[in-house]
Amino acid sequence: MNRGNSSFKKFKNVQIIGDDNKIEEVKTLTDREAFDNILKNAEEFLLKPSVMDYVIYLESLIQLIVLVASIISAWIITRMGLSIAFVLVSICFFSLIYAFVGRILTKKYEIKMRAEAQKPVLNTNQESIEWLNFLLQKIWGTIEPVATEMVPEIVDGILKENCPSFLHSIRLTKFNLGSEAPRLESVETFDENLEPEEMQMIWHASFVPVTVEERRNDENKRTSEIQATAFVGNDKFQIPLNINVSNLLFEGKILLRVRFTHSYPFIKTASVCFMEPPMLSCSLKPFVGIDVMSIPGVQEITDLTVKTVLKEFAMNPTTFDLDIENLLKVTSHDDPAGILKINLMEGRGLKNIGKLGNTSDPYLKLNLGGNEIARTKDIENDLNPFWNESKNIIIPINVIRDSFIGSDNISFEVFDKNKTSDKLMGRSEIFKLSEFAKLMEELEEEALNESNEEATKDNGETKKEENKEEESKPIPISKSKKKLTPEDRERIMKQWGDPRTGEVLNIPLKFKGESAGSVNVQISYHPVQKPGEIPELKPEPNPEEKAEDTVEDLENREAENTEQYNENENMEELRSGILRVHLYSMKDLEKRKGSRSNPYAIVEVNHDEIIRTEPKKKTNNPVFSKTHDIYVKNINTASLKLTVKDKNNLGYDQIIGTLKFKIKPTMKYLLENPTNDWLELKDSPKGRVRFGFDWFPVKLIEENENSPAIGIIRIDIKDASNLKKVDTLGLSDPYTKITISGRSVGQTRIIDNNLDPIWNETYYSIVQSRNDHIKFEIYDFNNINSDKRLGSVDFFIKDICKNVSEDVSPSKEFSNMKYKPKIQKLEDGRYDVKAPLYEKQYRNFGTQGNVHFQLQYYPLTYPGSKEAETTESNSGKSEEKISGTEVTKPKPKISGTSLSGRGFSIFTASQMGISSIDLMNVNKNNVTGILRIKLEEAKNLRQNSCVYTEFAFDNSPDEIFHRSAVIKSSAPVWDEITEGLILNIIHNNLLVDVRVRSKESGPSNNDSSILSLKFSLNDIASNLNKSVWFTDDKNNPEAPAIRLAFGYVPVDIAVPPRDYLPNMGVLTIHVDDGKVIGVDSSGTSDSYVVFNLNGNKVYETKEQKKTLEPRWDERFDINIRSRRNAELELELKDWNKIEKDTTIGTGILSLIGLVPNQNLVVPVDIISKDNKYVGIVNIILNFKPEIVHFSKQDRERSSESGAPVKVINNVAKGGFTVAKGVVMAPSSVVSGIASGISKTFKGNKSKGAELKDEGKASVTSNKQQQHIISDPDISKILMQEEATGIDKSTSNDNISTTSGEYPKNGSTDELFGTLHIHVLKAENIAGIDSSGTSDPYVKITTKGRREIGKTKVVKKNNNPEWNETFKVNLGEVLNHDINVIVKDHNSFMSSSKVIGEVQINDHNSFSTGESSTIEKQYNISSGGTIYIKLEYNADENVKKSSKK
């Protein structure tokens, strides 16, 4: 080749770029040096030992060893003097050893030589695959026609998207690859840098089509024919241009990487790419006879274009990935077909099989296909057990498909729990699940058709084909496409119930052919869904039309669009469904010191353990291949936690790896990256894990899932009469427990020593089903033993309140009652019931006594459209509206599950209730209703803390209506829906408390609060029907927060203010003055008053001597846990110096009428035992709402968590006047009760005397009860506050933290702070014991010997030091002496002895508005001194009031 003038150019030495690299000069070798180098290499080659050299060396060594051994053996034989025969035996023995060992070595090294000889051949990993080319050529006749049909469709789509602008369109009109198959020249395999489950190959492929000459010589061969047609022009006129491609040649290297898996189809992914740009050559003839590729530069441009295109998606390192596992995945027999949701509620009238008078301990068992799939807890000693357990059962496809063998048979069995073996109490009939699933499928199809027809009418569409497309189709689970007949449908609905209403089924049980009671359950079936198309939303109206819309139109449109959007949500976004988790394998786990680990894995989904594998012995790359299905309520918030532990048989299993992630984003990542599905473990340097997920969405109806309320019921428990006497020394102490379908409603107060108790208490409760029943159980209270049951009565609510259900016929249980109640409907709509009590109602065993109560049912008020309102108003003109009638509630659609635009399901259309505009409308009665709360999740909580959330209303903060599940997480996900009855949404606030559990046993008072929020009306109304994060510090992104959603449905009921006002707080009682008859011989009395709260003494005034008009002027505070159940008893007594104090009379005051932050002057009439008016005590009551702790003085039993609101009814009327900030209740308003408990002494000369010149008392009998009655004008004022007190300003996003007390904005006269009594030490006290010392301790009491505190005992010391502090409210000891009693402790039978006493009155000098401290040394009466420090801390409100 001619290089031109290159000889004149000057070349420079090459240099290597780099800081540390130096240029090495190339040394030129001489001929002598080159010869010596060759000679040296030859010597190394010749002198290098070969395999044969080693064989010869070993054989020689063996010969030498055998020869030496034989010589030594012969010498030994000669020395021993043995014969020649032993020498011959020795020679034979060593000869055999030589031959045997030599043969083994020779064979071994023969194999070695063959391997060495084959190394040059094995060094190349290319293999000839002519057999594969032969096979490919044989099947090409079958493959080529299929490719001829498929390729044009694919290529046309690509050409349409990438059509040049100067062309109208372009398409592939002919495609034929000919009869010659592509060839694979060679295959290279290698496994460097590959995972164990991966395989990698390089295929050298080529394609040479049949030429014209070959076709002429062989008629069976066909040439390739490819033609594309380009159209030039516009839409009306185009000119076709044909482009023919011929002589297509292809050659390239294709990289194929395959990843295997442990389940079918055993190939996870296949990745394909070109190792280098392929060689592509062809003839391109757009016109006949002209080859475009022959034009200079066209071939280079074509090669560059092919390289550029392939580099984007199929040029190494970019690969084209195929997810073979998903492509070949088919429906398996164990794939889920749906969710069977069953609520096992209660048993009714079960048959008792207990022996020796014992009552059975029943539990309910659910069987599917003869196998147990669910079981409830056992309820001890109860034949009407209440379980209320919900079960979500995953139903596989084969259960429905194999129904002919009974795999879908469902049955219910009740067993008696025993220590040995459980005994059957009753069994239900067989239910066929396949029939119920078929019914659900048909009802869903009908609902979809109805919705499509409505959409067609509303939108004016005429295309029926579009409306026939369903939003989603359930997985086909029935082989037969034959529809159910009307008779079959009626039979199935009669057995299973109507799935559209979610009604409670009463399933009868039988035992040995006889009736054995029944069980109440709720059943619903939800099939697995497939993704479908999303119908379009309704078009928005024009702006002009919007301007003319009213507020109601905007509300209706907003509700319609919300409901439509929720129903048309993409099926892929269904939040609930069945999650299948695959745990495949792990690798590179952390090694234990000196050995491999024994790993096992624990997988938790939403804190529920679903997989626990067996330990894999001595491996760091375990393969588990475990799969589990679990029902997930919300896939958007579902999380997975993996814990890998090392099994240690001797000690603690060490954690060697953890992983926690959100499931939905991980599923998306694995779907988009099928070739990179290894997830890195935490706490492990190189550990990785492989997961797999399958998602089967299920459309669940929220109403069936959560059993929402259908209304509320008001229960007035009036009284009971003629009860049994069960106490030995007295009468019974009755109280009543009220339940609705096993849910606790409340418990009345205890009436001591009375067989005709009068309660007059009112309860409000939620009704969740038309089959709910109410139960009254009356017990006798016992301080020591368990309470005795006096009787009970149980009714279906619909048997009394006729507006609960459309079915007016009495139930079977009501008809079978032997002693039926007397029911009378009152004018106000209430039903007055007087019912006899039963010992065992299911057997019609009556007992002594009757109970008197009243019921009234109020349905929920659902918002309706204008047409419904018009129809209702028109019907109201012609027909008189009945109080308490139920608003017609539309049946829910089977397919109606709503999703919000944020991905969270809030509430269905019927659950949402009213809008925020309706809620804030003062013209509508929306203040009472059901507040629906969805507790979704929380964040930024403490690490590794067990948290739960409590919900209550501030009028009764101790009555928690919902407590969530306890979850151990800093970001727990609950996804729970609850309901609470709020009596007045304007005045009552919602309290939400996120708490951390302090111990493993369960929630307790020692649990700490992380986040406490108080929600007012504005906070709820402004965030109605949407999911929102709430916190107490919105400026801090790390502050704890909780995510909630609210829905509200009103109830048309007028709740009086006394029912919704705060129920808990501190009651300040100012005992002012009074009048009393004279009981002493002097004609006067030494009177004092003892105050008892619910039967427990709380305070005693000082005595006022020798007067008929005593003035005490004392104040004290008592904690009121429930003003509705609180009774304040005033005992007016006469003090006697020698004899026992005389009881003049008593008066019992009910505290239901307390008005918060108001001073009420209440004159209490005192009545003697013989019903004489003997005195009056004037007290001033101030009730300050505040959260107080449970007091031992409160005899009322606490209600169960979740108990509804309870109030005491008040039917009396009266009034009060306001003067100088004091509300005065006249004596005519305050009625009294004459308990006649006065215990007079023999010398009482005034027995039978009566207070005169004070008018008549309003009580004449000791059975009357007194109340604090408010003027009706106050109710009007409160109602006006409700109408005008709504703050319509925008609510802040920052919710205020609940501080644990109510606002202190009420007017008060005078309050007291806390007095701290510090008992420091004593000196030189008297020694009482024989040793001359004492075991002293100090007891502090006040008036009436009421104990304040007691110190510890100091053994054998006359100069003890205690340094202990006791707290007391200053009002309790003000104007009284504090008694400090020093005692000597005795450990044996003798009682403690008094050493001496000290009376302290220095605290009376304290100013209530200022804090003060006094520390003094006091002399003990028996000798010695004691050091006491009094420290008074004034309340802040006291300071403010004193300054004013």
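Residues numbered from 1 in each chain as written. Predicted model: local features only at pLDDT ≥ 70, side-chain atom pairs only at ≥ 80, totals over all residues. Heavy atoms only, no water.

(A) Here's a closer look at the overall build of the protein. A count of helices and strands for the protein gives 25 helices and 64 strands. Among the 1444 residues that make up the protein, the fraction classed as buried is 47%. For the protein, the proportion of contacts with a sequence separation of at least 24, taken over those separated by at least 6, is 71%. (Helix = DSSP H or I, 4+ residues; strand = E, 2+ residues; numbered from the N terminus. Buried < 20%, exposed > 50% of the residue type's maximum accessible area, 1.4 Å probe, protein only. Contact = heavy atoms within 4.5 Å.)

(B) Geometry of the nonpolar core. Grouped together as the largest cluster of nonpolar side chains are 44 residues, with contacts concentrated most on Leu340, Ile395, Ile410, Phe412, Ile523 and Tyr525. Among the elements that take part in this core, helix H9 (residues 433-459) stands out by supplying six residues, more than any other. Here phenylalanine 412 is in contact with Leu344, Leu364, Lys365, Leu366, Gly426, Arg427, Ser428, Phe431, Ile507, Leu509, Val521 and Ile523, once residues within four sequence places are set aside. (Core = buried A, V, L, I, M, F, W, Y, C linked by side-chain atoms within 4.5 Å.)

(C) Representation of unusual backbone geometry in the model. Although it is not a glycine, asparagine 606 sits at a positive phi angle of roughly 55°. Exposure remark for asparagine 606: the relative accessible area of 23% places this residue in the partly exposed category. With a phi angle near 60°, asparagine 940 is a residue other than glycine that sits in the positive phi range. Relative to the helices and strands, asparagine 940 resides in the loop between strand S36 (929-939) and strand S37 (946-953). Using a relative accessible area of 28% as the deciding quantity, one classes asparagine 940 as partly exposed.

(D) Looking closely at a positive patch on the surface. A cluster of like positive charges, contributed by Lys641, Lys660, Lys662 and Lys968, occupies part of the molecular surface. Residue placement: lysine 641 occurs in strand S23 (residues 639-646). (Patch = residues over 30% accessible without salt bridge, like charges linked within 9 Å, V, L, I, M, F, W, Y side chains within 5 Å. Areas by Shrake-Rupley, 256 points an atom, 1.4 Å probe, with all protein chains shown as cover. Salt bridge = Lys/Arg side-chain N within 4 Å of Asp/Glu carboxyl O. Lys, Arg positive; Asp, Glu negative; His and termini not counted. Charge placed at Lys NZ, Arg CZ, Asp CG, Glu CD.)

(E) Geometry of the sheet that holds strand S58 (residues 1336-1342). Judged by pairing direction, the sheet is antiparallel, and its four strands sit side by side in the order S59-S58-S61-S62 without closing on themselves. Because the sheet does not close on itself, it has two edges, and the strands there are strand S59 (1346-1350) and strand S62 (1393-1400). If you compare each strand with its neighbour and ignore which way they point, the axes differ by 25° on average. In this sheet, S59 lies alongside S58 in antiparallel orientation, the contact comprising four bridges. For threonine 1342, the partnering residue across the bridge sits in S59 and is arginine 1346. (Pairing = 2+ DSSP bridges. Axes fitted to C-alpha atoms, helices over the stretch in contact; angles between N-to-C directions.)

(F) Spotlight on the pattern of salt bridges. Taken as a whole and assessed by the stated rule, the structure comprises 45 salt bridges. The residue glutamate 979 makes a salt bridge to arginine 932 at a minimum N-O spacing of 2.5 Å. Within this pair, whereas glutamate 979 is found in strand S40 (residues 973-982), its partner arginine 932 is found in strand S36, the two being separated by 47 residues in sequence. Both residues of the pair, glutamate 979 and arginine 932, belong to the buried class. In this structure, aspartate 975 engages lysine 934 in a salt bridge whose closest nitrogen and oxygen atoms are separated by 3.4 Å. Placement of aspartate 975 in strand S40 and of lysine 934 in strand S36 is noted, with a sequence separation of 41 residues between them. A relative accessible area of 0% places lysine 934 in the buried class.

(G) Region of the structure containing the sheet that holds strand S64 (residues 1425-1433). The strand order across the open sheet built from four strands is S60-S57-S64-S63, with neighbouring strands paired in antiparallel fashion. At either end of the open sheet lies a strand with only one pairing partner, and these are strand S60 (1361-1369) and strand S63 (1412-1419). Neighbour to neighbour, the strand axes of the sheet diverge by 20° on average, direction disregarded. Looking at chain direction, S63 and S64 are connected through eight bridges and run antiparallel. Each residue of the ladder has a partner; that of tyrosine 1418, found in S64, is isoleucine 1426.

(H) Fine view of the pairing of strand S47 (residues 1096-1100). Both strand S46 (residues 1085-1093) and S47 contribute to a ladder of four bridges, which runs antiparallel. Within the sheet, the bridge partner assigned to leucine 1093 lies in S47 and is asparagine 1096.

(I) Molecular detail of the environment of aspartate 1377. Mapped onto the elements, aspartate 1377 comes out in the loop between helix H24 (1370-1373) and strand S61 (1378-1384). By relative accessible area, which is 32% here, aspartate 1377 ends up partly exposed. Between the alpha carbons of aspartate 1377 and glutamine 1399 there is a distance of 6.0 Å; along the sequence they are 22 residues apart.

(J) Spatial organisation of the packing of aromatic side chains. Considering all chains together, one arrives at 22 aromatic pairs under this definition. A centroid spacing of 5.4 Å and a plane angle of 65° characterise the contact between phenylalanine 1015 and phenylalanine 1046, whose relative ring orientation is edge-to-face. Placement of phenylalanine 1015 in strand S42 (residues 1008-1015) and of phenylalanine 1046 in strand S44 (residues 1041-1050) is noted, with a sequence separation of 31 residues between them. The pair formed by phenylalanine 1015 and phenylalanine 1046 is uniform in burial state, with each residue classed as buried. Taken together, Phe412, Phe431, Phe436 and Trp496 form an aromatic cluster joined through their ring pairs. (Phe/Tyr/Trp six-rings, centres within 6.5 Å; stacked < 30°, edge-to-face > 60°.)

(K) Representation of the side chain of threonine 736 within the structure. Topologically, threonine 736 is positioned in strand S28 (residues 734-740). With residues near it in sequence (within four places) discarded, threonine 736 still touches Gly746, Gln747, Thr748, Trp759, Phe776, Glu777 and Ile778.

(L) Summary view of the environment of tyrosine 842. Position of tyrosine 842 among the secondary structure elements: in the loop between strand S34 (831-840) and strand S35 (845-859). Note: C-alpha distance between tyrosine 842 and glycine 517 (325 residues apart in sequence) is 8.5 Å. Excluding anything up to four places from it in sequence, tyrosine 842 contacts Gly349, Leu350, Leu383 and Asn384.

(M) Examining the side chain of arginine 995 more closely. Locating arginine 995 in the fold gives a position in strand S41 (residues 990-996). Judged by its relative accessible area of 13%, arginine 995 falls in the buried class. At 2.6 Å, the side chain of arginine 995 and the backbone oxygen of aspartate 1007 are in polar contact. With sequence-adjacent residues up to four places away left out, arginine 995 is seen in contact with Cys946, Val947, Tyr948, Glu950, Ser1004, Asn1005, Asp1007, Ser1008, Ser1009 and Ile1010. (Polar contact = N/O pair within 3.5 Å; in protein donor to acceptor, adjacent residues only side chain to side chain.)

(N) A look at a nonpolar patch on the surface. On the surface, a cluster of nonpolar side chains totalling about 1,100 Å² of accessible area is made up of Tyr57, Leu61, Leu64, Ile65, Val68, Ile72, Trp75, Ile76, Met80, Leu82 and Phe86. For the nonpolar patch, the element with the most residues is helix H2 (residues 51-80), which contributes nine residues. Considering the arrangement of structural elements, one finds leucine 82 in the loop between H2 and helix H3 (84-122).

(O) Representation of the environment of phenylalanine 431 in the model. Relative to the assigned elements, phenylalanine 431 resides in strand S16 (residues 431-432). Since its relative accessible area comes to 1%, phenylalanine 431 is described here as buried. Counting along the chain gives 63 residues from phenylalanine 431 to leucine 368, while the straight-line C-alpha distance between them is 9.4 Å. In this structure phenylalanine 431 touches Asp408, Asn409, Ile410, Phe412, Gln495, Trp496 and Ile507, once residues within four positions along its chain are discounted.

(P) Seen up close, the pairing of S41. With respect to burial, S41 is a largely interior element, seven of its seven residues being buried. Here S41 shows two buried faces, one formed by Leu990, Val992, Val994 and Val996 and the other by Leu991, Asp993 and Arg995. Note: S37 against S41, seven bridges, orientation antiparallel. Paired with phenylalanine 953 across the strands is leucine 990, a residue of S41.

(Q) Quick look at helix H4 (residues 130-161). Counted at 1.5 Å a residue, the expected span for H4 with its 32 residues is 46 Å, but the 40 Å between its end C-alpha atoms falls short. Maximum bend of H4: about 55°, positioned at tryptophan 140. Within the span of H4, buried status applies to Leu132, Asn133, Trp140, Glu144 and Pro152. Here the buried face of H4 lies against strand S2 (169-176), strand S3 (183-189) and strand S4 (198-207). (Expected span 1.5 Å × (residues − 1). Bend = angle between axes of the 7 residues up to and from the residue.)

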